[in-house]
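Listed below are the residues making up each chain.
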Amino acid sequence: MAVEEQRAGSRVSRPENRLVRRGFTDPAQAVRLLAGPGLEGLAEDPVLLDALGATADPDLALLGLARLLEAADEAERHTLRDTLTTSKPLRDRLLGVLGVSTALADHLARHPHDWHVLVTFELRDMHPGPEDFRRALAEGVQGSGQAGGRSPADALRIAYRRCLLAIAARDLTGTADLAQTAAELADLAGATLQTALDLAAEQDPDAARACRLAVIGMGKCGGRELNYVSDVDVIFVAEPHEGVDEHEAVKAATRLAALLTRLCSDTTGEGTIWPVDANLRPEGRNGPLVRTLASHLAYYQRWAKTWEFQALLKARPVAGDADLGAAYVEALAPMVWQAAARDNFVTDVQQMRRRVIDSIPATELDRQLKLGPGGLRDVEFSVQLLQLVHGRTDPALRSGNTLEALAALSRGGYVGRADAVSLDTAYRFLRSLEHRIQLYRLRRTHLMPTGAEDLRRLARSLAALINDDTRSDPVAALQREWKRHAVEVRRLHEKLFYRPLLDAVAELPPGAAGLTPDAARARLEALGYADPAAALRHLSALASGVSRKAAIQRTLLPVLLGWFADSADPDAGLLNFRQVSDALGRTPWYLRLLRDESAAAEQLARVLSAGRLAPDLLLRAPEAVAMLGDPQGLAPRGRPALEQEILAAVGRAGSTAAAVAAARSVRRRELFRTAAADVLGRLDEDPAEALDTAGEALTALNAATLQGALRACVAGWEAEHGDLPTRIAVIAMGRFGGRELGYGSDADVLFVHESLLGSLEQDAARAAQAVCHELRTLLGAPSTEPPLLVDADLRPEGRSGPLVRTLSSYAAYYRRWSHAWESQALLRADPVAGDEELGARFRQLIDPLRYPGAGVPERDLVEIRRIKARIEAERLPRGADPTTHTKIGRGGLADVEWTVQLLQLQHGHELPALRTTRTRAALAAAVEAGLVGRADAEVLDAAWVLASRVRSAVMLVRGRPGDSFPGEARELAGVARYLGYGAGHSGELVDDYRRTTRRARAVVERLFYGG
């Protein structure tokens, strides 16, 4: 009995094993299907089994075939079996479709007679065009009444699927390539629109008699490069028939267009065809569905944005009145090909690109064939941008088809031949992959599937396009090929716009793109370079010649130019790069760093084009570029490390001036470190925390520099006069004391000294005066290093008082003469350099003044408010806008700081948490103590942070301090970029600033003025 069961098992396993060898993954199901209705006797047919095994998914193909045979009547089944076994062309077409598309298998199961289209269409020899599809659709619709009383809409869907079946068969058997398939799909879409329009005219004959209506294909339909499943983008244009009022004609045309849209887009028992999308029309979905030609022209002449002209690049009449459609395209073409000359062309294009990238969900980024990095949109974006720039003067480039336009760009020398071939190959592969994914269920998707079965089917269906052996591991081969093409597309996307510029100036060998000087200038203008002639000179200087340096520069510059162009000031970025390269070009590590460390190259490009401060600091000592190659190179350094280095440099110097210069040199390098990290967003992801980090770093740097300079000046005095008869402490004030320094802040300080035992007070005072005066002079003196301006104007009696006082002199002055504003100023006093014990005693001296036990007397409160009001009225610079002045304007720094400081004066004695020199920390403490509501505090904090960031941005961009937004457009754009606003959104920044500070001012009116 056991032997008989074993023999039976072996008999069953043999056919299953044969099926496994042919690629079936579920042989048991295949055996059952081959024994089912319609397939009797075919289980042993090696020709059929081999044909099934050659499909993308043998299991899917067999299931679809079984369903088709089961659905067919007896006569139909017999005919199909005979044709299937005797006609290889039909067998390959039918099984090829069934092995890829469950949706078309479903169609054949519902309409089993439609397999005949694979015989009647002579697919090997003919390329069906628009008229062939129109005829096939018209016949299907006209026969709907005799075919079971189907509605015209259902009949149109069935006829459409029948034509789609024929196109897919041609595609999957290699009879048509990608370009032919995409063109046929577009032609079928046009024929469908025409048939739907004819049906609409039959349903509303009055409307048809009143108007001429043209349907303009847009997007991939207009470019004759349509997907299997896609929205069909259209624009409707109408004109009245003779004797018809224009308004009535437009209303009639609108009815026809709406009917057409519903016939194609609505879901019936036969599903849907595709959505008709008219949102590319003037004003989008908010505009009228139909306009006259004159109305279209008026809109595009006055209101259209750059992206609308880019969309019109693919406009093509596809249905309706052909003469009207041709007139529409002819009338708008001149505007399309002048779009690159429009104001903000680059800004608009960059915004479009960013919107596309930003629209991708993070979970889909790595699966996106269309929108992701290295995807189809990268190819289309690059080609269209080059067309818009150079198509102004070269009509040969004016094609709406991506592959045709790419070939024309290559023939014209705008793209290198090798690059064009690579891009063409990659685009064809990615589009073919997209087509196969969509064919499976006829659903609109651009995402790579993740399931093993789906990936295996895709890999087998694309085996002819994969430059790898797919037999052992088809999924791995597909993944490798996809990634290879995506990397190549991304590389070429970054290079395509820039490499030919180098070819134009570097006299490279034949085969490179041959841009003329005029074409090169046009391309630079389109990239946003304000002085393309100067840019070309820089490129020539960098890339010309046969040296190793020039060769590496030619490799780097295509990518660097893209990064420069993505900034607010591309000209400055390129100029700064040339200057750095001139200084370091012969240094072996420099070019090696940029060539081998892509992150360092990108960081350098971002820094060089982000404003003037960081590049100016770098150009004074270009070797600081090395920081960008170190992963921790831009991390802020603490006070101990900075002070140790500065004191060591001071100790090695031969004179006081040289010692202070050494300290300033370290400061300059560290300023660059902080500025570069800030520009690159490396300080902190949260803008407020990044601001605090920058303030801490700048404060530590200035404090260490003062310590080093003080050590140098003391040493210099002692070298000339002997031991210093006093000790000195430096007290930071203002933003320095609050550890809230910006890049353009002075170092506000007080100097305090105390004579040593046995020294005469007069001698000690003269020595302290001399040392502190020299410190200020040497730190602020003109030099190649940035100055550190030491401001002591907050001292008692201001500029009229002595620069340095003893501790007892400060005590006497504050006891007898101190004003309320001086107590307020002392809230931010903090010892930062010099004798620590003396600094600590100074802090003990002033604590009762700044945190008075009785709070703020009414007279002092009135005085503080009066001074604040006077400052607002008198110190605002002439012509300055009080709504945008960051320091003393409405809701600016002074408003917030004076409000917080008043709370500290009133409550600091009883609330230790308020005894801080930092504005934000004091505000947070006031919230915890219940002195300020949390909502009010958030408003004040937001205004203070924004105003501080604007001041930092102005200094970073302009290279000099400023309290108001720059008036020059590029500088304002640079400030907006630093603050996270995209290109073209500078106005939004100013609006947001006014809104934020207006809210803060309302809080200040209540808390500070008691309003």
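Preceding this section is the structure that the text describes.
Just so we're clear, the structure is a prediction, and the values are computed from it rather than from any experiment.

J.: Describe in detail the state of the cysteines, supporting the description with residues and values.
T.: According to the stated counting rule, one finds zero disulfides in the structure shown. Between Cys-211, a free cysteine, and Cys-264, which holds the nearest cysteine sulfur, the sulfur-to-sulfur gap is 17 Å. The buried category is assigned to Cys-211, whose relative accessible area is 4%. Cys-264 takes part in no disulfide bond, and the closest cysteine sulfur to it belongs to Cys-221, at a distance of 10 Å.

J.: Explain the pattern of salt bridges to me, and be specific about the residues and the numbers.
T.: Opposite charge on two side chains permits pairing when their charged atoms draw close. In the structure shown here, the tally under the stated rule is 72 salt bridges. The residue Glu-971 makes a salt bridge to Arg-958 at a minimum N-O spacing of 3.6 Å. On the criterion of sequence distance, the pair formed by Glu-971 in helix α44 (residues 969-978) and Arg-958 in helix α43 (residues 934-958) is long-range, its members being 13 residues apart. Given the relative accessible area of 21%, Glu-971 is considered partly exposed. Each of Arg-637, Glu-645, Arg-669, Glu-670 and Arg-673 takes part in one network of salt bridges that share partners.

J.: A description of the nonpolar core should follow, citing residues and the corresponding values.
T.: The biggest cluster of nonpolar side chains holds 180 residues, and the ones touching the most others in it are Leu-433, Leu-478, Phe-577, Leu-706 and Phe-751. Ranked by the residues each element gives to this core, the list is headed by helix α34 (residues 687-721), at 16 residues. When neighbours within four sequence positions are excluded, Phe-751 is seen to be in contact with Ala-729, Val-730, Cys-772, Leu-775, Arg-776, Val-790, Ala-792, Leu-803, Val-804, Arg-805 and Tyr-810.

J.: Describe in detail the packing of helix α27 (residues 548-565) against helix α28 (residues 570-584), supporting the description with residues and values.
T.: The N-to-C vectors of α27 and α28 enclose an angle of 155°; their axes lie 10 Å apart at closest approach. For the element pair α27 / α28, the angle class is roughly antiparallel. Crossing of α27 over α28 shows right-handed handedness. Of the residues in α28, those in contact with Lys-549, Gln-553, Leu-557, Leu-560, Leu-561, Phe-564 and Ala-565 of α27 are Pro-570, Gly-573, Leu-574, Phe-577, Ser-581 and Asp-582. Of the residues that constitute the contact of α27 with α28, the class distribution is eight nonpolar, three polar and two charged.

J.: Before we move on, can you summarise the environment of Leu-69 with the specific residues and values?
T.: Tracing the chain through its elements places Leu-69 in helix α4 (residues 58-71). Taking the relative accessible area as the measure of exposure, Leu-69 reaches 0% and is therefore buried. C-alpha separation for the pair Leu-69 and Asp-321, spaced 252 residues apart in sequence, amounts to 44 Å.

J.: So what about α34? Which residues, and what values?
T.: Compared with the 51 Å implied by 1.5 Å per residue over 35 residues, the 50 Å span of α34 between its first and last C-alpha is a close match. The buried fraction of α34 is high, at 25 of 35 residues. Once α34 ends, the next one or two residues include Gly-722, with phi positive near 100°.

J.: Would you mind going over empty space enclosed by the protein in detail, with residue names and values included?
T.: Within the structure shown, the criterion is met by six cavities of 30 Å³ or more. When its volume is computed, the largest cavity comes out at roughly 210 Å³. As for the largest cavity, its lining consists of 26 residues, and the residues nearest its centre are Leu-741, Gly-742, Tyr-743, Ser-948 and Ser-952. It is α34 that provides the largest number of residues to the lining of the largest cavity, a total of six residues. In terms of residue class, the lining of the largest cavity is built from eleven nonpolar, seven polar and eight charged.

J.: Tell me about unusual backbone geometry, and please be specific about residues and values.
T.: If you check the backbone angles, Leu-442 has positive phi at about 55° while not being a glycine. Relative to the helices and strands, Leu-442 resides in the loop between α21 (417-441) and α22 (452-461). Positive phi, normally seen in glycine, also occurs at Glu-797, with a value near 70°. Looking at where Glu-797 falls in the secondary structure, it is placed in the loop between β8 (790-791) and β9 (804-806).

J.: I'd like to hear about the pairing of strand β7 (residues 747-755), residue by residue, with values.
T.: By the criterion of burial, β7 is predominantly enclosed, with eight of the nine residues buried. Here seven bridges tie strand β6 (residues 726-732) to β7, and the two strands are oriented antiparallel to one another. Looking at the pairing, Arg-727 lines up with Glu-754 of β7. Across two bridges, β7 lies against β8 in parallel orientation. Residue Ala-747 lies in a different strand from β8, and its bridge partner there is Val-790. Following the backbone out of β7, through helix α36 (residues 761-780) and into the adjacent parallel β8, one traces a crossover that is right-handed.

J.: Just give me the short version of the packing of aromatic side chains, but keep the residues and values in it.
T.: All told, the structure shown has eleven aromatic pairs when counted by the stated rule. Judged by centre distance (5.7 Å) and plane angle (70°), the ring pair of Tyr-813 and Tyr-814 falls under edge-to-face. For Tyr-813, a relative accessible area of 9% puts it in the buried group. Taking the relative accessible area as the measure of exposure, Tyr-814 reaches 6% and is therefore buried. Over the ring of Tyr-440 we find Arg-457, and its NZ or CZ is 3.6 Å from the ring centre. Of note, Lys-483 hangs over the ring of Trp-482, and the distance from its end group to the ring centre comes to 4.0 Å.

J.: With reference to specific residues and values, describe the side chain of Glu-225.
T.: Its place among the elements puts Glu-225 in the loop between α13 (219-222) and β2 (232-240). A polar side-chain atom of Glu-225 sits 2.5 Å from a polar atom in the side chain of Lys-314. Once you skip the residues sitting within four places of it in the chain, Glu-225 turns out to touch Ala-182, Ala-186, Lys-220, Lys-314, Gly-400, Asn-401, Thr-402, Tyr-427 and Arg-431.

About the criteria used
- Residues numbered from 1 in each chain as written.
- Predicted model: local features only at pLDDT ≥ 70, side-chain atom pairs only at ≥ 80, totals over all residues.
- Heavy atoms only, no water.
- Disulfide = S-S within 2.5 Å.
- Buried < 20%, exposed > 50% of the residue type's maximum accessible area, 1.4 Å probe, protein only.
- Salt bridge = Lys/Arg side-chain N within 4 Å of Asp/Glu carboxyl O.
- Helix = DSSP H or I, 4+ residues; strand = E, 2+ residues; numbered from the N terminus.
- Core = buried A, V, L, I, M, F, W, Y, C linked by side-chain atoms within 4.5 Å.
- Contact = heavy atoms within 4.5 Å.
- Axes fitted to C-alpha atoms, helices over the stretch in contact; angles between N-to-C directions.
- Parallel < 35°, antiparallel > 145°, perpendicular 65-115°, else oblique.
- Left-handed = near helix turned anticlockwise from the far one by under 90°.
- Nonpolar A, V, L, I, M, F, W, Y, C, P; charged D, E, K, R; others polar.
- Expected span 1.5 Å × (residues − 1).
- 1 Å grid on protein atoms, 1.4 Å probe; cavity = no way out; pocket = protein on both sides within 12 Å on 5 of 7 lines; lining within 4 Å.
- Points joined across faces, edges and corners; volume = space filled by probe spheres on them.
- Pairing = 2+ DSSP bridges.
- Right-handed = clockwise from strand over helix to strand, strands pointing away.
- Phe/Tyr/Trp six-rings, centres within 6.5 Å; stacked < 30°, edge-to-face > 60°.
- Lys NZ or Arg CZ within 6 Å of the ring centre and 35° of its normal.
- Polar contact = N/O pair within 3.5 Å; in protein donor to acceptor, adjacent residues only side chain to side chain.

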